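# Coordinate analysis (summary)
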Amino acid sequence: MLWLSPAEAIEQALPGATVESVVVLARRLNPAVAAAALDFDAAVHKIGTAGVLADPTLILEAWDVNRQGVGQRRFGVEQEVKLWGKYGLERDVAQADANTAKFQGRSPVIDLVAQVIAAHGEYNAAYEAVAISVEIKRRYDEILELLRSRYCTTSVNQQDVIKAEIEAATAEGDVVRRQGELKSAAARLNALIGRPSLAPLAAPSGFRAVRAISLAQVQALARSANPMLALAGAQSNSAAQTKFLTDLNYYPDVTLGAKYVQRPGTEDTGEFIVGVKLPLHHEVKDAEQRAAGARLGAVQARNEALRLRIDGQIADAWFGVDALRKVVQIYASRQLPPARSSVDNARNSFHAGSSDISFVFESERRLRTVQLDLLKPTVELQTKYAEMERLAGGSL
């Protein structure tokens, strides 16, 4: 059995090693996620208030009141009742509104995940940049020590020692700057997760793999999973149900009632009432119907415009991902190997005494530039891929 040291155990418990570890934490800790869940709960509770009978009216009446007293006492209730399926449509409208709130809540969560993924990519790049700078500083320090030892035996020029000291100092300053950038990236990532800015993070284990997927597949996924499209669909459904409900305004509702009548000296009796609300003002009903129809048409038009815009944004992100993937491959396969070979050749020539120290520093700077330049499109690829996932509505 393998046992972990306390430091290793703490490192494994911290978030930050992988994208998944920080995304899970952000879903649990970020206040925006909690606010979206509460908004959805409020909309769900509203469903219980729709499509139900209104409160009944209690009636207390005194008839034939004169000097001798009250001739009749009447106690009763009246209840307004909607017919023609209006209660069911009201519940459908409330359900559609709840779905709207649900998809409105999903949208900031999806946006948050994309931001966390992009921030983790920057954190990963900053961590690797520190490692590159530390390694270069180590090699420069080795060269400086070698030149100092040779200078003591007068086998090298003093100017070479001065060059090495300047390069070593520059490398040390670069390490400090990169470490500051790493702390800034960690603070931004912690803020998105919902943790204090100085909370510790685990060392990243590497960039997330970018899956190859066709443009048509991403667009098809977006049509079923994109929260903004789902929100537009829920709004369209709500407007349609509201239109159906408005159409029923031409059909009358009824009022049902019952009364218990007390008459002094005679037997108590009862009364039953049926009232019909007559929809006589057709011009009002016509205006309400036209307004509901216009709202439905506007929602449907916005839905189609949104679908076209998201399709275009997905295409833009997909082509960007495709290009950045190729750029990363070119840098990794065609620039890094020659740069490393150049460093090895320059160092070997210098140790053999056939090359000047300037060639060593030049090759080292070239390698560092290629390594750092490779991090830029790698981070852009992670960010662009996260944007494509956001538009698709979830992980690809």
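Since we're looking at a predicted model, the values are computed, not measured. (Residues numbered from 1 in each chain as written. Predicted model: local features only at pLDDT ≥ 70, side-chain atom pairs only at ≥ 80, totals over all residues. Heavy atoms only, no water.)

## A word on the overall build of the protein chain
- When its secondary structure is counted, the protein chain shows 9 helices and 4 strands.
- Seen in sequence order, the protein chain has helices and strands lined up from the N terminus as α-α-α-β-β-α-α-α-α-β-β-α-α.
- In terms of overall dimensions, the protein chain is more spread out than a globule: its C-alpha atoms have a radius of gyration of 37 Å, far above the 21 Å expected for 396 residues.
- The principal-axis extents of the C-alpha atoms in the protein chain amount to approximately 135 × 45 × 45 Å.
- The buried share of the protein chain, taken over its 396 residues, is 38%.
- Of the roughly 22,100 Å² of accessible surface on the protein chain, a fraction of 58% belongs to carbon and sulfur atoms.
- For the protein chain, the distance from the average site of its 46 positive side-chain charges to the average site of its 46 negative ones is 2 Å. (Helix = DSSP H or I, 4+ residues; strand = E, 2+ residues; numbered from the N terminus. Rg over C-alpha atoms; globule rule 2.2 N^0.38 Å. Buried < 20%, exposed > 50% of the residue type's maximum accessible area, 1.4 Å probe, protein only. Areas by Shrake-Rupley, 256 points an atom, 1.4 Å probe, with all protein chains shown as cover. Lys, Arg positive; Asp, Glu negative; His and termini not counted. Charge placed at Lys NZ, Arg CZ, Asp CG, Glu CD.)

## Here we look at the pattern of salt bridges
- For the coordinates displayed, the defined rule picks out 27 salt bridges.
- The partner of arginine 347 in a salt bridge is glutamate 142, and the shortest N-O contact between them spans 3.7 Å. Of the two residues, arginine 347 sits in helix α8 (residues 282-352) while glutamate 142 sits in helix α4 (residues 86-152), which places them 205 residues apart along the sequence.
- Overall, glutamate 142 belongs to the partly exposed group, its relative accessible area being 37%. (Salt bridge = Lys/Arg side-chain N within 4 Å of Asp/Glu carboxyl O.)

## Observations regarding helix α7 (residues 227-247)
- The terminal C-alpha atoms of α7 lie 30 Å apart, and with 21 residues this matches the ideal 30 Å at 1.5 Å per residue to within 8%.
- If you check the start of α7, you find a side-chain oxygen 2.8 Å away from the backbone N of methionine 228, and it comes from asparagine 226. (Expected span 1.5 Å × (residues − 1). Polar contact = N/O pair within 3.5 Å; in protein donor to acceptor, adjacent residues only side chain to side chain.)

## Here's the deal with the pairing of strand β3 (residues 254-262)
- Examined bridge by bridge, β3 and strand β4 (residues 269-276) share 8 bridges and lie antiparallel to one another. Bridge pairing in β4 links alanine 258 to phenylalanine 272.
- Counted between consecutive antiparallel strands, the loop separating β3 from β4 contains 6 residues, among which glycine 265 sits at a positive phi close to 85 degrees. (Pairing = 2+ DSSP bridges.)

## With respect to the nonpolar core
- Counting 27 residues, the largest nonpolar core has Val218, Ile310, Ile314, Met388 and Leu396 as its most contacted members.
- Elements represented by at least two residues in this core include exactly α6 (215-225), α7, α8 and α9 (357-392).
- Formed by 23 residues, the second largest nonpolar core is a distinct cluster that contains Val23, Val33, Val116 and Leu189. (Core = buried A, V, L, I, M, F, W, Y, C linked by side-chain atoms within 4.5 Å.)

## A short note on a nonpolar patch on the surface
- Together, Leu58, Leu60, Phe75, Val77 and Tyr260 give the surface a local cluster of nonpolar side chains, amounting to about 520 Å² of exposed area.
- Looking at the nonpolar patch, the elements that each hand over two or more residues are β1 (57-66) and β2 (69-81).
- On the secondary structure map, leucine 60 appears in strand β1. (Patch = residues over 30% accessible without salt bridge, like charges linked within 9 Å, V, L, I, M, F, W, Y side chains within 5 Å.)

## Here we look at the packing of aromatic side chains
- Summed over all chains, the structure comprises 2 aromatic pairs.
- On the numbers, 5.2 Å between centres and 75 degrees between planes, the contact of tyrosine 140 with phenylalanine 361 is edge-to-face. Of this pair, tyrosine 140 sits in helix α4 while phenylalanine 361 is found in helix α9, placing the two residues 221 residues apart along the sequence. Side by side, tyrosine 140 and phenylalanine 361 carry an identical accessibility label, which is buried. (Phe/Tyr/Trp six-rings, centres within 6.5 Å; stacked < 30°, edge-to-face > 60°.)

## Observations concerning the side chain of arginine 139
- Note on placement: arginine 139 falls in helix α4.
- The exposure class assigned to arginine 139 is buried, which follows from its relative accessible area of 12%.
- Residue contacts for arginine 139: discarding those within four places in its chain leaves Arg347, Glu364 and Leu367. (Contact = heavy atoms within 4.5 Å.)

## Details of the confidence of the model for the protein chain
- On average, the protein chain scores 83 in pLDDT, and the residues at 70 or more come to 93%.
- With pLDDT under 50 throughout, residues 6-11 is counted as low confidence; its partners more than four residues away or in other chains account for 3 contacts. (pLDDT = per-residue confidence, 0-100.)

## Description of the environment of valine 210
- Inspection of the secondary structure assignment puts valine 210 in the loop between α5 (158-193) and α6.
- What makes valine 210 partly exposed here is its relative accessible area of 21%.
- Sequence-distant contacts of valine 210, defined by excluding residues within four places in its chain, comprise Val321, Arg325, Leu381, Gln382 and Tyr385.

## So, the environment of aspartate 344
- With respect to the helices, strands and loops of the structure, aspartate 344 is situated in helix α8.
- When its relative accessible area of 44% is taken as the criterion, aspartate 344 is described as partly exposed.
- Distance in space between the C-alpha atoms of aspartate 344 and valine 52 is 82 Å, their sequence separation being 292 residues.

## Points about the environment of valine 284
- Mapped onto the fold, valine 284 is located in helix α8.
- For valine 284, a relative accessible area of 42% translates into the label partly exposed.
- The sequence separation of valine 284 and alanine 386 amounts to 102 residues, and the corresponding C-alpha distance is 50 Å.

## A short note on α9
- When the terminal C-alpha atoms of α9 are compared, their 53 Å separation across 36 residues agrees well with the 52 Å that a helix rising 1.5 Å per residue should span.
- Directly beyond the C-terminal end of α9, a positive phi value near 95 degrees is found at glycine 393.

## Side note on the side chain of glutamate 167
- Residue placement: glutamate 167 occurs in helix α5.
- In this structure glutamate 167 comes out as buried when scored by relative accessible area, which is 18%.
- For glutamate 167, the residues in contact, after removing those within four places along its chain, are Tyr140, Phe361 and Arg365.

## Let's talk about the packing of α8 against α9
- Interaxial distance between α8 and α9 falls to 8 Å at its minimum, and their mutual angle equals 160 degrees. With respect to α9, the axis of α8 lies roughly antiparallel. Crossing angle aside, the handedness with which α8 passes α9 is left-handed. (Axes fitted to C-alpha atoms, helices over the stretch in contact; angles between N-to-C directions. Parallel < 35°, antiparallel > 145°, perpendicular 65-115°, else oblique. Left-handed = near helix turned anticlockwise from the far one by under 90°.)

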